[in-house]
Amino acid sequence: MLAHSGQITPATMQIQKLTRHRLSANMAVATLNVGTIGGKMGLSFWDCFAIILVVNLAANLLPAWTATFGLTGLRMTTFSRYSFGYWGNLLVVVFSMVSTTGWNAVNSISGASVLYALSDGKLPQWAGVMIICTTVWIICVLGITWIHRLDAFLWIPPFIVWCVAAGTGAKHFDGNAIKSPTGANGAAAAFSFIAVIFSFAVSWINCAADYNVKMPVNTPRWKIFVATYIGICVPTVLVQTLGAALYSGTEVNHAWKVAFEEAGVGGPLKMALLPAGGFGKFLLVLAGLSSIPVSCIPS
């Protein structure tokens, strides 16, 4: 990792930036929102946790592998052009457009739901979406260099939010609040949640290599693979698990249930942060704005 002079090499610095970039994107509130889906499907917390852990450990191998393609200097759209031909690549482009548009919607709406909950409904969700999308547009106009610079630090605020929310809301979490259905209904719920978690992980494939095209060509591929895998897998597992825990709180606390029905994921997050008082409200702002770094990626 270090050069013989004792200084960090340019390749190592790029690897560190790569890891922090993935952390910023996957620390977003959308990741928290995805974690609540299993509970809404009727799965117990522990079943949700098992699916989140196992599927992420396996599925994130794919974007980590494709991230190494960036050493060629070519972006993923170029690879698909050579792999599928001119006309075949049009289908790939359509799928990519649908995927990025869909996840942008999930990201912005998730952040807007938190801002809606914070304002007690005074800030409409459409207005929250406008705030987030406008900020994303401004950052994207600045270019990829500024996105990398900001992502070096933007993972820290949401990380603090999730740590505090896990601590202040822990007494309301209940791993036995939901009993998973058995038989065909249980299998349907489990496979549906597996598909959701898998799709979240592999959505990185269409852009995983794009952030490595300026990496020094002598960078070991295994370092890019490991940095990408850790940067995606670790925050995703932790934040999605917290989302599943937050949803378990809605099953044992009526106020949390009402908050979730009114404001989505922002509701129980607000309830979990209530003991933190004014600081908790500040953390809600950071949680809502955590949608910005991840929305910059497909934009």
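Residues numbered from 1 in each chain as written. Predicted model: local features only at pLDDT ≥ 70, side-chain atom pairs only at ≥ 80, totals over all residues. Heavy atoms only, no water.

1. Focus: the overall build of the protein chain
Note the threshold: The secondary structure listing takes helices from DSSP runs of H or I that are at least 4 residues long and strands from runs of E that are at least 2 residues long, numbered from the N terminus. Radius of gyration: C-alpha atoms only; globule rule: 2.2 Å multiplied by the number of residues to the exponent 0.38. Each residue is placed in one exposure class: buried if its accessible area under a 1.4 Å probe, protein chains only, is under 20% of its type's maximum, exposed if it is over 50%, and partly exposed if it falls in between.
Within the protein chain, the regular secondary structure consists of 14 helices and zero strands. Beginning at the N terminus, the succession of helices and strands in the protein chain can be written as α-α-α-α-α-α-α-α-α-α-α-α-α-α. Computed over its C-alpha atoms, the radius of gyration of the protein chain comes to 20 Å, within 12% of the 19 Å expected for a compact globule of 299 residues. A total of 299 residues make up the protein chain; the buried ones form 46% of that total.

2. With respect to empty space enclosed by the protein
Keep this limit in mind: Here the term cavity refers to a set of points on a 1 Å grid, laid over the protein atoms alone, in which a 1.4 Å probe fits but cannot get out; the term pocket refers to an open set having protein on both sides within 12 Å along at least five of seven lines, with lining residues being those that place an atom within 4 Å of a point. Grid points are joined across faces, edges and corners, and a volume is the space filled by probe spheres set on the points.
Counting across every chain of the model gives one cavity of 30 Å³ or more. Its volume calculated, the largest cavity comes out at about 30 Å³. Surrounding the largest cavity, Gly39, Leu43, Ser44, Phe45, Cys48, Ile178, Ala244, Tyr247 and Ser248 form its lining. Secondary structure elements with two or more residues in the lining of the largest cavity: helix H3 (45-59) and helix H10 (221-250). Looking at the lining of the largest cavity, the element that brings in the most residues is H10, giving three residues.

3. Overview of the nonpolar core
We apply this condition: Residues belong to a common nonpolar core when they are buried Ala, Val, Leu, Ile, Met, Phe, Trp, Tyr or Cys residues joined through side-chain atoms within 4.5 Å. We call two residues in contact whenever any of their non-hydrogen atoms come within 4.5 Å of each other.
Within the largest apolar cluster, 21 residues are counted, with the highest numbers of intra-cluster contacts made by Val34, Leu43, Ile51, Ile52, Phe193 and Ile197. Secondary-structure elements contributing two or more residues to this core are H3, helix H9 (183-202) and H10. Beyond its immediate chain neighbours, meaning those up to four positions away, Val34 contacts Trp103, Phe193, Val196, Ile197, Phe200 and Gln240. Formed by 20 residues, the second largest nonpolar core is a distinct cluster that contains Val29, Ala165, Leu242 and Trp256.

4. Some details on the state of the cysteines
Worth spelling out the cut-off: The term disulfide is used for any two cysteine sulfur atoms that are within 2.5 Å.
For the coordinates displayed, the defined rule picks out zero disulfides. Cys233 supplies the cysteine sulfur nearest to Cys48, a cysteine that is in no disulfide, at a spacing of 17 Å. Taking the relative accessible area as the measure of exposure, Cys48 reaches 1% and is therefore buried.

5. As for helix H8 (residues 156-169)
Defined as follows: A helix's residues, less one, multiplied by 1.5 Å, set its expected span. The directions from the helix axis to the C-beta atoms form the arc being described.
With 14 residues, H8 should reach 20 Å at 1.5 Å per residue; the first-to-last C-alpha distance of 20 Å fits that figure. Of all the residues in H8, the buried ones are Pro158, Val161, Trp162, Ala165 and Gly169. Seen end-on, H8 carries its buried residues on one side only, within an arc spanning 95°. Buried residues along H8 sit in contact with helix H2 (29-40), H10, helix H11 (254-263), helix H12 (266-273) and helix H13 (277-289).

6. Focus: a nonpolar patch on the surface
The following threshold applies: Two joining distances apply to patches: 9 Å for like charges and 5 Å for nonpolar side chains (Val, Leu, Ile, Met, Phe, Trp, Tyr), and every residue must have over 30% relative accessible area and no salt bridge. To measure how exposed things are, a 1.4 Å probe is used in the Shrake-Rupley method; for residues, cover is taken only from the protein chains shown. Here a salt bridge means any side-chain nitrogen of Lys or Arg lying within 4 Å of a carboxyl oxygen belonging to Asp or Glu.
Taken together, the side chains of Phe153, Ile156, Phe159, Ile160, Phe279 and Phe282 define a hydrophobic patch exposed on the protein surface, amounting to about 580 Å² of accessible area. Mapped onto the nonpolar patch, the elements with two or more residues apiece are H8 and H13. At three residues, H8 tops the list of elements feeding residues into the nonpolar patch. With respect to the secondary-structure elements, Phe159 resides in helix H8.

7. Re the confidence of the model for the protein chain
Rules: Each residue carries a pLDDT score, the predictor's own confidence in it, on a scale running from 0 to 100.
Overall, the prediction assigns the protein chain a mean pLDDT of 85, with 92% of residues at 70 or greater. At the level of individual helices and strands, the protein chain shows its lowest average pLDDT in helix H1 (residues 10-26), which scores 62, and its highest in H3, which scores 96. This model gives residues 1-8 a pLDDT under 50, and the stretch forms nine contacts once residues within four places in sequence are excluded.

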